Amino acid sequence: MAAPPCAFSPRGCRLFAVSGPDGRLRVWDTAGSRLQHEYVPSAHLSAACTCLAWAPAGARQPPSKDGPQRKKRKSEVGEVDKQLDILAIGTAVGSILLYSTVKGELQSKLDGGHDSRVNCVRWHQDNCCLYSCSDDKHIVEWNTQTCKVKCKWKGDTSSVTCLCISPDGKMLLSAGRTIKLWDLETKEVYRHFTGHATSVSSLMFTTVKPVNESKPFDGITGLYFLSGAIHDRLLSVWQIRSDRKEKNAVMSFTVTDEPTFVDLTVSEVKEEPVKLAVVCRDGQLHLFEHILNGYCKKPLTSNCTIQIATPGNDGDSTPKPVPILAAAFCTDKQSLLLVYGNTLQPIIEKVSLNTSESHICLVRDIQKVLSLKTDAALTKVKTPVVNLDTKVLVPGIPGHSTAVKTPASGKEKKKNKRKPGETEESIEERLGALDIDVSKVKTPGGLPQTDSFAVLLVQGLESNDAEILNLTKRLQGNPYSASVMVRWLKSVFTLHASYLSTLPDLIPQLGMLYQLMESRVKTLQKLSRLHGRLFILVTQVAASQTVQDVPEVNQTAKLVYEDDSSEEEGSDDEMIADKDSDENWDEDEEKEEQSDEQDMTVEKEINGDSDLEPENESEEE
């Protein structure tokens, strides 16, 4: 996991900016470790902060995004320039944000220069220019007054990861796998430096004047600069020489792990040593002090190593290391500002340098410091004053009531462990101490059983039993308990989110729980596919069984037809009989017609219509 981007302000390290894993930018006051600003970019989840850079003391204010404003008086302009602190924020989508810590708002946004992750941003010392590099292999020069690209050129064949501007402002160091020195006027490569196997993560000049003062100084020749790479435990020092023999590093400093934050004091004269503070990924701080006077074959080890650890409880617990996040030299160069703890609520402390000891371990009680800060500045919770005769009901088992206990004095400390020889309390005494009245418990089976998850949680919370409250083990158990616990955790996180966000060790405590849920979510898609295939197989097996269970149909014929001669004769007789029946049918029809005609003549005689017309008579004839 990459180290969180952080940076000290140039004005005596008065402010410290850090971007946490939640995407929020927090600016802390180093004098009292107080949070001064908190800025949440609109796209902080999709466009996370990747790098930070404070503007130098002489930088001019970029235009506000609200448009032109009224002209300010000279006194107002001088006052604003004195207090102005502009912070450049590189994002993962290629845009750069300019944030004003004085106004507490976003000043402007630089777009259109990069189409990939911004790896480093650097301000120019003299003018209002800003330089940035990205994974798209390009270096961009920005005009912060117009918020437009001033110049853009290809910096390497792969990602450009780091930048550094020379002390005179005429040269630019860029690094990916190789380090290049550019002329800012012509945008051409002046020198090449090779020696790192991985991407360079830090670049900075260590001297402002050459060691050999006999030759005329052109602004760059003879200067030293420092470089460090990821997954590399060596910091290399290079010298810019006129004979172009920069094949190897002049010297190197060795550390215990990959460097994540580097600060140094620039050497201004020949005899002044360079002081180097390197914070490693393992949380240790290494201090170096060396005079740069030419080639050194062996890697230099640190003069002093600083670690921070907790004191432990009651002298029995093992002290736990506290990671150092960043360190910076103060203006007197004799003291250090240490930032340790976590990025959500870091602790900033000023310590004096003592390089006489090779290893220093600072014991700090982080919980106590954070609780004192919370009590003094943030909390508004007051303990209610309760009468001794008053009984207050608390959530838990029905009928279980307890009085609110007054806070114990600071001298009295609870001891969780039993002394040797002390007898263990019986169940009856424990129930008596919990003040559970059996007669008041209205449950079907008397006292509630431990198979109830709610009762078990109440018991674990009241007795502070780590075995009962080990959520990770219980989530890995049977699916029923896991489903119940997930619903309970959802309610707890929803109701107590504001309190949980103030806990300094919340992330390491919930890390195992988050990893467990993440692993289960990843297997959900595969399990769904397997479930669908198994469902198809089970359906096919059930269908084949139903087909087999159908009773067999009797295949015996109920009617048999045989083609013999007797049947032919019988068929002839049937044909004759059919003909006779047809003839009889014709005779019956003629008889019916005759009877109908007789009926008609009788009706006519009755009606007096016996005289027939000649036409009808002829037709009848």
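**Some details on the confidence of the model for the protein chain**
Close reading of the predicted structure is inappropriate where its pLDDT is low. Across the protein chain, the average pLDDT comes to 77, with 69% of residues at 70 or higher. The model gives residues 374-381 a pLDDT under 50, and that stretch makes two contacts with residues more than four places away or in other chains. Confidence drops under a pLDDT of 50 for residues 438-444, and excluding neighbours within four residues, the segment shows eight contacts in the predicted structure.

**Concerning the environment of I220**
Topologically, I220 is positioned in the loop between β17 (200-205) and β18 (224-229). Assessed through its relative accessible area of 3%, I220 is described here as buried. The sequence separation of I220 and V208 amounts to 12 residues, and the corresponding C-alpha distance is 8.6 Å. If near-sequence neighbours (up to four positions away) are discounted, I220 is found in contact with S166, M171, L181, Y190, F205 and I240.

**A look at the nonpolar core**
F8, F16, L285, I306, L338 and Y340 are the most contacted members of the largest nonpolar core, which totals 33 residues. Once you skip the residues sitting within four places of it in the chain, F8 turns out to touch C13, L15, F16, T30, W54, F261, A326, A327, A328, L337 and V339.

**Looking at the packing of aromatic side chains**
Within this structure, the stated rule accounts for nine aromatic pairs. With centroids separated by 6.0 Å and ring planes inclined at 75°, the aromatic side chains of F8 and F261 adopt a geometry described as edge-to-face. Here F8, found in strand β1 (residues 6-8), pairs with F261, found in strand β21 (residues 259-265); they are 253 residues apart in sequence, far enough to count as distant. We note that F8, like F261, is buried. Ring centres 5.1 Å apart and planes at 80° place the aromatic pair F193 and F225 in the edge-to-face group. Taken together, the residues span a long stretch of sequence, with F193 in strand β16 (residues 188-193) and F225 in strand β18 at a distance of 32 residues. F225 sits in the buried class, given a relative accessible area of 0%. One aromatic cluster is present, formed by F193, F205, F225 and W238 through successive ring pairs. Residue placement shows R191 over the ring face of Y190; its charged tip is 4.3 Å from the ring centre.

Each value, and the rule that gives it
- Residues numbered from 1 in each chain as written.
- Predicted model: local features only at pLDDT ≥ 70, side-chain atom pairs only at ≥ 80, totals over all residues.
- Heavy atoms only, no water.
- pLDDT = per-residue confidence, 0-100.
- Contact = heavy atoms within 4.5 Å.
- Helix = DSSP H or I, 4+ residues; strand = E, 2+ residues; numbered from the N terminus.
- Buried < 20%, exposed > 50% of the residue type's maximum accessible area, 1.4 Å probe, protein only.
- Core = buried A, V, L, I, M, F, W, Y, C linked by side-chain atoms within 4.5 Å.
- Phe/Tyr/Trp six-rings, centres within 6.5 Å; stacked < 30°, edge-to-face > 60°.
- Lys NZ or Arg CZ within 6 Å of the ring centre and 35° of its normal.

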